[in-house]
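Secondary and tertiary structure notes
One letter stands for each residue in the lines below.
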Amino acid sequence: MTNNLQVPEGRIRVRALLLSDRIDTSNFERYGVISTVPLTYKYGKAGMVTVFRYGVVVLIGLTPAEEDEVLRSLSNRLTRPVTPREEEIAHIVIAPDKDDQILPGGPITLKSITPEHLVVIADALSKSVVLARDEREVSAVLELVEPFARQLAEKGRTTSGRRAILKHIGNALLVQHRVSGRVAVAEKPDVLWDRYDMERLYARLEDEYELKERAEALTRKLAVIAETAEVLTDIIDTRRSFRLEVIIVILIAVELLVAGYPILR
């Protein structure tokens, strides 16, 4: 990772945006590439852009016009764009006379800053916006599933039709697939393998954005969704088995009547 990055003075604005499910970074040629994993390059006079393949771009120290230019340049590389876009904004303050610290709801204060610092911060913010999107999707599925659970608890059965149940099973499976395959929040950024001194900064960012706690809560909710989908599938199988049994009984009764009709006559 190269270190020839001109750092802007004053407060540095960091903006993370979840644009899509995936961003294609292959054959992405840019001047001033700082890192390839994640793809990080200089932009403008003193800005930096970090692109994560799981759909997030982090814009550091850019003007609004420069941000719009970057987003337009990435539009053809997006797979399944996300609407509305999730966003996370932070500010970095360089204070040589103070220790590194992150006050709750306040800026990220650093004694000095390097591209590695910015990549670590970008990694934490990118995971935060992904978690925000996943939390919203999981909550939406849980809200849809709740009426089924209430009907089962109060009446011992559900009055919804087969198509409605299949639709909810599909929603549950879809959100499971998206969430589990998007990003591993527990994984630390690759830059920490070479810069052990960044471990403390990343740990503070994890605490500030509650990455571990949110990921664990999301895992528990996904388990509930998986169990609910299984229960709904069992309900469909039970209904289908009951119908088959009724049909078999009717066929047997008809066969008996047909066979016994001559005798009765």
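Here's what I pulled together on the structure shown here. (Residues numbered from 1 in each chain as written. Predicted model: local features only at pLDDT ≥ 70, side-chain atom pairs only at ≥ 80, totals over all residues. Heavy atoms only, no water.)

1. A few points about the overall build of the protein chain
Along the backbone of the protein chain there are 5 helices and 8 strands. Along the protein chain, from the amino end to the carboxyl end, the secondary structure elements read β-β-β-β-β-α-β-β-β-α-α-α-α. When burial is assessed residue by residue, the protein chain has 40% of its 265 residues classed as buried. The long-range fraction of contacts in the protein chain, counting pairs at least 24 apart against all pairs at least 6 apart in sequence, stands at 71%. Accessible surface, the protein chain: about 15500 Å² in total, of which carbon and sulfur atoms supply 54%. (Helix = DSSP H or I, 4+ residues; strand = E, 2+ residues; numbered from the N terminus. Buried < 20%, exposed > 50% of the residue type's maximum accessible area, 1.4 Å probe, protein only. Contact = heavy atoms within 4.5 Å. Areas by Shrake-Rupley, 256 points an atom, 1.4 Å probe, with all protein chains shown as cover.)

2. Here's the deal with the environment of isoleucine 92
In this structure, isoleucine 92 sits in strand E6 (residues 78-94). When the C-alpha positions of isoleucine 92 and isoleucine 12 are compared, they lie 4.9 Å apart, and in sequence the two are 80 residues distant.

3. Notes on the pairing of strand E2 (residues 33-36)
Relative to strand E3 (residues 39-43), E2 runs antiparallel, the two sharing 3 bridges. By the bridge assignment for E3, threonine 36 is matched with leucine 39. What sits between the antiparallel neighbours E2 and E3 is a turn of 2 residues. (Pairing = 2+ DSSP bridges.)

4. Looking at the sheet that holds strand E4 (residues 47-52)
Across the sheet, 8 strands lie side by side as E2-E3-E4-E5-E1-E6-E8-E7; this open sheet has mixed pairing. Looking at which strands have only one partner, the edges of the open sheet turn out to be E2 and strand E7 (101-102). Examined bridge by bridge, strand E1 (residues 12-23) and E6 share 10 bridges and lie antiparallel to one another. Residue pairing across strands places isoleucine 23 opposite leucine 78, the latter belonging to E6.

5. A word on the side chain of glutamate 86
Mapped onto the elements of the fold, glutamate 86 is located in strand E6. One polar contact links glutamate 86 to arginine 136, side chain to side chain, over a distance of 2.5 Å. Apart from residues lying up to four places away in sequence, glutamate 86 is in contact with Ala16, Leu17, Leu18, Val129, Ala132, Arg133 and Arg136. (Polar contact = N/O pair within 3.5 Å; in protein donor to acceptor, adjacent residues only side chain to side chain.)

6. Thoughts on the packing of aromatic side chains
Applying the stated criterion across every chain yields a total of 2 aromatic pairs. With a centroid separation of 5.8 Å and 35° between ring planes, the pair formed by phenylalanine 28 and tyrosine 41 is classed as tilted. Of this pair, phenylalanine 28 sits in the loop between E1 and E2 while tyrosine 41 sits in strand E3, and the two are 13 residues apart along the sequence. Judged on exposure class, the residue phenylalanine 28 and its partner tyrosine 41 are both buried. When the ring of phenylalanine 52 is compared with that of tyrosine 54, the centres are 5.4 Å apart and the planes differ by 25°; the resulting orientation is stacked. Using a relative accessible area of 5% as the deciding quantity, one classes phenylalanine 52 as buried. On the basis of relative accessible area, tyrosine 54 is assigned to the buried category, the value being 12%. (Phe/Tyr/Trp six-rings, centres within 6.5 Å; stacked < 30°, edge-to-face > 60°.)

7. Observations regarding helix H4 (residues 199-209)
Every α-helical turn comprises 3.6 residues, leaving residues that sit three or four positions apart pointing alike. Inspection of H4 places Leu201, Tyr202, Leu205, Glu206 and Tyr209 among the buried residues, and these make up the whole buried set. For H4, the angular spread of buried residues about the axis comes to 140°, placing them on one side. Away from the buried face of H4 by more than 90 degrees, exposed residues Arg200 and Asp207 are located. (Arc of directions from axis to C-beta.)

8. Things to note about the pattern of salt bridges
One pass over the structure, following the stated rule, counts 11 salt bridges. The closest approach of N and O atoms between arginine 80 and aspartate 21, which form a salt bridge, is 2.8 Å. Of this pair, arginine 80 sits in strand E6 while aspartate 21 sits in strand E1; the two residues are 59 residues apart in sequence, bridging distant segments of the chain. Accessibility expressed as a relative area gives 11% for aspartate 21, which makes it buried. The residue arginine 214 makes a salt bridge to glutamate 135 at a minimum N-O spacing of 2.9 Å. Of this pair, arginine 214 sits in helix H5 (residues 211-264) while glutamate 135 sits in helix H2 (residues 115-155), placing them 79 residues apart in sequence. (Salt bridge = Lys/Arg side-chain N within 4 Å of Asp/Glu carboxyl O.)

Remember, this is a structural readout, not a statement about activity or role.
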